[in-house]
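Observations on the model geometry
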Amino acid sequence: MRIKRICDSVNVFGRIETDRLDEEDVDETIDYHLSNEIRDKCRELVLDNDKLRKIMEIFLDNVHRGLKRETHADSIVKCFPTYVQDLPNGTETGKFLALDLGGTNFRVLLIELSGEHFEMKSKIFAIPQHIMLGSGEQLFDHIAECLAIFVKEEQVADQRLPLGFTFSFPLAQKGLTKGILERWTKGFNCSNVVGNDVVQMLNEAIDRRGDVQIQVCAILNDTTGTLMSCAWKNHNTRIGLIVGTGSNACYVERQENAEMWDDVDMGSGKVSINLEWGAFGDDGALDFVRCEYDEDVDKNSINPGKQKHEKMISGMYMGELVRLALERFTKEGLLFGGKGSDMLFERGRFYTKYVSEIESDPPGVFNNLREICEELGLKHASEQDYINIRYICECISRRSAHLVSAGLATLLNKIGEKKVTIGIDGSVYRFHPHFHNLMMEKIKELCDPSIEFDLMLSEDGSGRGAALVAAVAARLYNQNSRT
Ligand code: BGC
């Protein structure tokens, strides 16, 4: 009964999903049923606007360093020019192939563009872990094999179709079809690829087989694909964002500011910049907001010391951050009467999707959480534990949304246009029930008030975007060869 009453008061409060963590609201509404110790111990996870503004300042400085020729080599946020100079204008037509490598799955796509329409067929292939951690040659042979299976099934094996390759790792691009891998991220760590041109490696693997013909027209990052696929529909799109397994953003910059860009100007005066913001903080710049869970996640990852910003934000790490907090609080006797379970104490066993599921229950309702606790051998969890666990999830997911918002507000201010659409993809943004609202609210607080922005879910940026980049490249090429 007591719980029900409290829940009612929370519900009446209405804005619970978006500002539950505002200090005053917490004090007025949930203070007396969230345990005080948990609230105190979670304070380090709450980033107030002063901290976020400080982060924005450092981030902007990092972006400038990445853009400038003089400082680029030592910069942490790489700001790689993508050689994508123009956004789609709706006149792109034809059949294109696309490859999408970078999350948990690998996809091959066949896309037909005509005017405002597009048709798409795709097939998902698993990448077994021994390949994710094997040799580069094995990885590209696997990709080429999947491509061969697909083009045969779709009966286009005899055509030499243009192909866009979405390769979602930090690439130093040397042109639209040449990209040198700077480092692996997320779950990948294949040998003999860092320092090499991945387009060449793909072409070599295709040649080794000899049964497929393609023409790689473009290699791109998933953020670029997302930007392109949204720009196709909404011409104000200037930023592409991914909050999925990993996190990163790209944005449209003026060519004169992108000092590392050295191509022929095709006339737009713009170039899309792949920020690789996941690496932000690798020099310690974010240490003032990182805490013991971040340290732990980093130390136990396959790339310690790298991608520290990404590790505070993205889906590959979010569940584990929550689990580490739950483990600590259990050992301190603050949760589950001090009695955990083997699964709770097992690394990687608290999935990021749990965070979305827990926060999808209306405030005060714990149906999903109850099931998750049962799944984790925590049948003895009490209502008080549920309230505390939900709060911990909220702290971690809000921190992620707020860090993303600080990055986006910095970019909006930098771009300086009055109306900007941000194209977004990724499992965290798609499936977390409050991520969008949290971002809307926080960006509004942090960016120049005269800027109007909206957040648009990208429809398959990595697939469709790859085809669009290939198509725009083909259009620009044709235009320029005519003039
Ligand atoms: C990669 C980026 C990518 C992001 C989202 C990061 O780990 O470094 O290139 O855009 O993940 O997939």
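Residue numbers restart at each chain and count upward from 1, following the sequence in its written direction. The predicted nature of this model means local features are confined to residues of pLDDT at least 70 and side-chain atom pairs, given and counted, to a pLDDT of 80 or more, with totals for whole chains, interfaces and linings taken over all residues. Side-chain descriptors were evaluated using all non-hydrogen atoms of the structure, hydrogens and water having been removed beforehand.

1. Brief notes about the overall build of the chain
This is how the line gets drawn: A run of H or I in DSSP becomes a helix once it reaches four residues, and a run of E becomes a strand once it reaches two; helices and strands are each numbered from the N terminus. As a reference, a globule follows 2.2 Å times the number of residues to the power 0.38, and the radius of gyration itself is taken over C-alpha atoms. Only protein chains enter the accessibility calculation, which uses a 1.4 Å probe; a residue whose area is less than 20% of its type maximum is buried, one above 50% is exposed, and one in between is partly exposed. Note on definitions: a residue-residue contact is assigned when non-hydrogen atoms from the two residues lie within 4.5 Å. Areas reported here follow the Shrake-Rupley algorithm with a probe of radius 1.4 Å; residue values treat only the protein chains shown as occluding. For the purpose of charge, His is not counted, nor are the chain termini; Lys and Arg are scored as positive and Asp and Glu as negative. We put the charge of a Lys on NZ, of an Arg on CZ, of an Asp on CG and of a Glu on CD.
The secondary structure content of the chain amounts to 19 helices and 13 strands. Since a compact globule built from 483 residues should have a radius of gyration of about 23 Å, the 23 Å found for the chain is in line with a globular shape. Taken over the C-alpha atoms alone, the chain extends approximately 75 × 50 × 40 Å along its principal axes. For the chain, buried positions account for 59% of its 483 residues. The long-range fraction of contacts in the chain, counting pairs at least 24 apart against all pairs at least 6 apart in sequence, stands at 72%. Of the roughly 19400 Å² that the chain leaves accessible, carbon and sulfur atoms contribute 47%. Of the side chains in the chain, 57 bear a positive and 76 a negative charge, and the two mean positions are spaced by 1 Å.

2. Structural notes on helix H15 (residues 367–375)
In plain terms, the rule: The arc in question is traced by the directions running from the helix axis to the C-beta atoms.
Along H15, the residues classified as buried are Leu369, Ile372 and Cys373. Considered in projection along H15, the buried side chains sweep an arc of 100 degrees and stay on one side of the axis. Residues of H15 that are buried make contact with helix H14 (352–360) and helix H16 (383–415). Downstream of H15 by one or two residues, Gly377 has phi in the positive range, about 70 degrees.

3. Quick look at the environment of Asn203
Summarising the element assignment, Asn203 is placed in helix H9 (residues 198–209). The class for Asn203 is partly exposed, based on a relative accessible area of 28%. Sequence separation between Asn203 and Gln215 is 12 residues, and the spatial gap between their C-alpha atoms is 8.8 Å.

4. Thoughts on the nonpolar core
How we decide: The definition of a nonpolar core used throughout is a set of buried Ala, Val, Leu, Ile, Met, Phe, Trp, Tyr and Cys residues joined through side-chain atoms within 4.5 Å.
One finds Leu241, Leu275 and Met439 to be the most contacted residues of the largest nonpolar core, which totals 90 residues. By residue number, the principal contributor to this core is H16, which donates 17 residues. When residues no more than four places from it in sequence are discounted, the contact partners of Leu275 are Phe59, Val63, Val77, Lys78, Cys79, Asn248, Ala249, Cys250, Tyr251 and Leu411. Within the second largest apolar cluster, 41 residues are counted, among which are Ile143, Phe169, Val198 and Ala205.

5. Topic: the packing of aromatic side chains
This is how the line gets drawn: By convention, a stacked pair of Phe, Tyr or Trp rings (six-membered ring in the case of Trp) has centres within 6.5 Å and planes under 30 degrees apart, an edge-to-face pair has planes over 60 apart, and any other such pair is tilted. Both a distance and an angle decide whether a charge sits over a ring: NZ of Lys or CZ of Arg must be within 6 Å of the ring centre and within 35 degrees of the ring normal.
Tallied over the entire structure, the rule returns 14 aromatic pairs. Taking the centre distance of 5.2 Å and the plane angle of 55 degrees together, the rings of Phe59 and Phe280 count as tilted. Linking Phe59 in helix H5 (residues 49–67) with Phe280 in the loop between strand S11 (270–274) and helix H11 (292–299), this pair joins segments that are 221 residues apart in sequence. Relative accessible area serves as the criterion here: at 2%, Phe59 is assigned to the buried category. Seen in terms of ring centroids, Tyr351 and Tyr354 are 5.1 Å apart; in terms of plane orientation they differ by 50 degrees. Their pairing is tilted. A relative accessible area of 1% means that Tyr354 is categorised as buried. Pairwise contacts between aromatic rings join Phe165, Phe167, Phe169, Trp184 and Phe188 into one cluster. Directly above the aromatic system of Phe169 lies the positively charged group of Lys186, at a separation of 4.8 Å from the ring centroid. Directly above the aromatic system of Phe345 lies the positively charged group of Lys331, at a separation of 4.8 Å from the ring centroid.

6. Things to note about the sheet that holds S11
Working definition: the strands of a sheet are paired by backbone hydrogen bonds and lie parallel or antiparallel to each other. Applicable threshold: Strands were regarded as paired on the criterion that DSSP finds at least two bridges between them.
Reading across from one edge, S1-S11-S10-S9-S12-S13 is the order of the six strands in this open sheet, with mixed pairing throughout. Looking at strand neighbours, the two that pair on one side only are strand S1 (80–81) and strand S13 (452–457), the edges of this open sheet. When strand S12 (residues 419–425) meets S13, the two strands line up parallel, connected through six bridges. Residue pairing across strands places Thr421 opposite Asp454, the latter belonging to S13.

7. Digging into the sheet that holds strand S2 (residues 94–101)
So the rule is basically this: Geometry is summarised by axes, namely lines fitted to C-alpha atoms with helices restricted to the contacting stretch, and by angles between N-to-C directions that run from 0 to 180 degrees.
Pairing is mixed in the open sheet, where five strands are placed in the order S4-S3-S2-S5-S8. On the outer flanks of this sheet lie strand S4 (117–126) and strand S8 (214–220), each paired with one strand and no other. Averaged over neighbouring strand pairs, the angle between their axes works out to 20 degrees when direction is ignored. Across eight bridges, the pairing between S2 and strand S3 (residues 105–114) is antiparallel. Among the inter-strand pairings, Ala98 is bridged to a residue of S3, identified as Leu109. Packed on one face of the sheet, H9 meets S2, strand S5 (161–167) and S8 and runs near 155 degrees to S8.

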